[in-house]
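# Structural description and commentary
Residues per chain are reported as follows:
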Amino acid sequence: MNGCENITVTEFSLTPFSTSRINEILIFIGFLFIYLLAVVGNLTIILLICTAPQLHTPMYFFLCNLSSIDVIFVSTTLPKMLSIIFTEDKTISFFGCLTQLYFFSLCAVAENNTLASMAYDRYVAVCSPLHYSLIMTKKVCFIIATSNIVFSAVNSLMLTIMIATISFCYSDKINHFFCESRSLIALSFSDTTGREIVIFVEDICLVIVAFMFILTSYVRIISAILRMHSARGRLKAFTSCSSHIITVLLFYGPSTFVYLKPESEDSEKQDKIFSMFYTAVVPMLNPFVYSLRNKEVLGAIRKVAKTSSKFCVVKHTV
């Protein structure tokens, strides 16, 4: 046991898939497409919000934050997974693993809090429309966004330090496609009971507090919508919230299942599938949810496209 304690792990081995080479190639193509679509889609949303004056509102400010987080989210895990499939080199350095864990945790907590911030924005917009501009000022939005990032960064740092200080001895094979906290703890030689309880309680608290805040906001929003006399007003209010509701369901559905489901023989396979959903598929879908269901975003896209076409015509004429 003493000899085991003196071992210093310098790298881990990720085992994302146990399948044939042909299936791995198909998986590579699929996730490369998802990654590029997620990055391009979210960067497009960020560019539109920054350049279109009609989108300079609190709602789109938070959407810009969400898209920025999603770009980092997919870039934290997918490039390494794609590299493993392409090169068949499954190793990741100890520092690289901790770095991946840090940014994954940061993005997960930041997205969780950003969705709660967006719910508050919609609550004020629907329930207190006359005071909206007084409550959701630029200063308030900046404070909310900054507090979110600072809290997420500190929380992620604490988690990373807890994982970095445990001893790894029996195995260096991580049965996941990225360095996830529970998969790393499973390799530990140390007694990690205390850390597991802290991490579990913190994750549950963060998710429950944010989700209950969102749920409470939407109970009040729906109540306010039902009290509206105008059918057109009710439709407009509901439409302004529908994209956020879809995003909330997409994010909390699989992530909640991963952390609350009972352990079974297929737990690790299920963890991988649902982790892929909320770390890759959801960031890819968010730009489409907010663009295809939002007249203001579609209007901004058409305006940018029209301006670009005029510029091309002028340039060609010159």
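Conventions adopted
Residues numbered from 1 in each chain as written. Predicted model: local features only at pLDDT ≥ 70, side-chain atom pairs only at ≥ 80, totals over all residues. Heavy atoms only, no water. Axes fitted to C-alpha atoms, helices over the stretch in contact; angles between N-to-C directions. Helix = DSSP H or I, 4+ residues; strand = E, 2+ residues; numbered from the N terminus. Left-handed = near helix turned anticlockwise from the far one by under 90°. Contact = heavy atoms within 4.5 Å. Nonpolar A, V, L, I, M, F, W, Y, C, P; charged D, E, K, R; others polar. Buried < 20%, exposed > 50% of the residue type's maximum accessible area, 1.4 Å probe, protein only. UniProt positions renumbered as here; feature names shortened; annotations may be inferred. Pairing = 2+ DSSP bridges. Salt bridge = Lys/Arg side-chain N within 4 Å of Asp/Glu carboxyl O. Phe/Tyr/Trp six-rings, centres within 6.5 Å; stacked < 30°, edge-to-face > 60°. Core = buried A, V, L, I, M, F, W, Y, C linked by side-chain atoms within 4.5 Å. Expected span 1.5 Å × (residues − 1). Disulfide = S-S within 2.5 Å.

## Considering the packing of helix α4 (residues 94–127) against helix α6 (residues 138–164)
One can describe the packing of α4 onto α6 by two numbers: an axis separation of 8 Å at closest approach and a directional angle of 145°. For the element pair α4 and α6, the recorded crossing hand is right-handed. Facing α4, whose interface residues are Phe94, Leu98, Leu101, Tyr102, Phe103, Ser105, Leu106, Val109, Ala110, Asn113, Thr114 and Ser117, α6 presents Ile144, Asn148, Phe151, Ser152, Ala153, Asn155, Ser156, Leu157, Leu159, Thr160, Ile163 and Ala164. Of the residues belonging to the contact of α4 with α6, the class tally is 15 nonpolar, 9 polar and no charged.

## A look at unusual backbone geometry
One non-glycine residue, Glu88, lies in the positive phi region at around 65°. Position of Glu88 relative to the elements: it lies in the loop between α3 (58–87) and β2 (91–93). Owing to a relative accessible area of 54%, Glu88 belongs among the exposed residues under this scheme.

## Let's talk about the UniProt feature "transmembrane region" (unreviewed entry) in the protein chain
The UniProt record annotates "transmembrane region" (unreviewed entry) at residues 25–48, 92–110, 140–168, 197–223, 235–253 and 273–292. Counted over residues 25–48, helix gives 100% and strand 0%. Its end C-alpha atoms are 34 Å apart. Counting secondary structure, residues 140–168 comes out at 86% helix and 0% strand; the distance between its end C-alpha atoms is 44 Å.

## Considerations on the sheet that holds strand β3 (residues 173–174)
Strands sit in the order β2-β1-β3 across an open sheet of 3 strands; the sheet is mixed. Two strands bound the open sheet, and with one partner strand each, they are β2 and β3. Summarising the sheet, strand β1 (residues 11–14) and β3 pair through 2 bridges and their orientation is parallel. Opposite Ser13, over in β3, you have Lys173 as the bridge partner. Relative to β2, α4 is tilted by about 85°, and along the sheet it contacts β1, β2 and β3.

## Topic: the pattern of salt bridges
Opposite charge on two side chains lets them pair, provided their charged atoms get close. The final tally for this structure, using the stated rule, is 2 salt bridges. The salt bridge partner of Arg122 is Asp121, with a shortest N-O separation of 2.9 Å. With a shortest N-O distance of 3.8 Å, Arg182 and Glu180 are connected by a salt bridge. Given a relative accessible area of 29%, Arg182 falls into the partly exposed group. Classification of Glu180 by relative accessible area gives buried; the value is 6%.

## Some points on the packing of aromatic side chains
Tallied over the full model, the rule gives 11 aromatic pairs. For the pair Phe61 and Phe62, a centre-to-centre distance of 5.5 Å together with 65° between the ring planes defines the contact as edge-to-face. Using a relative accessible area of 31% as the deciding quantity, one classes Phe61 as partly exposed. Aromatic side chains Phe104 and Phe178 sit 4.5 Å apart centroid to centroid with 45° between the ring planes, which places their arrangement in the tilted category. Here Phe104 is found in helix α4, whereas its partner Phe178 is found in the loop between β3 and α7 (181–185), with 74 residues between them in sequence. Using a relative accessible area of 0% as the deciding quantity, one classes Phe178 as buried. An aromatic cluster of three or more residues is present, and its members are Phe73, Phe104, Phe177 and Phe178.

## A few points about the pairing of β1
Here is the key point about a regular strand: its side chains alternate between the two faces of the sheet. Of the pairings in the sheet, the one linking β1 to β2 comprises 3 bridges and is antiparallel in character. Within β2, the position partnered with Ser13 by the bridge is Thr91.

## A word on the nonpolar core
Most often, soluble globular proteins have nonpolar side chains that are buried together. In terms of nonpolar packing, the biggest core is built from 61 residues, with Phe31, Leu63, Met81, Leu115 and Ile214 touching the most fellow members. Among the secondary structure elements, those contributing two or more residues to this core are α2 (21–51), α3, α4, α8 (193–226), α9 (231–260) and α10 (267–292). The biggest single contributor to this core is α3, with 13 residues. Beyond its immediate stretch of four places on either side in the chain, Phe31 contacts Leu78, Met81, Leu82, Met276 and Ala280. Counting 18 residues, the second largest nonpolar core, distinct from the first, contains Leu98, Leu101, Ile163 and Ile166.

## Side note on α8
Compared with an ideal rise of 1.5 Å per residue, which puts 34 residues at 50 Å, α8 spans 48 Å between its outermost C-alpha atoms and is within 8% of the ideal. Among all positions of α8, only Ile199, Ile204, Leu206, Ala210, Ile214, Ser217, Tyr218, Ile221, Ala224 and Ile225 are buried.

## A few points about the state of the cysteines
Enumeration over the complete set of coordinates arrives at 1 disulfide. Residue pairing for Cys97: its cysteine sulfur links by disulfide to Cys179, the two sulfurs lying 2.0 Å apart. Taking the sign of the S-S torsion, -125° for the link of Cys97 and Cys179, the bridge is left-handed. With Cys97 in helix α4 and Cys179 in the loop between β3 and α7, this pair connects stretches of sequence that are 82 residues apart.

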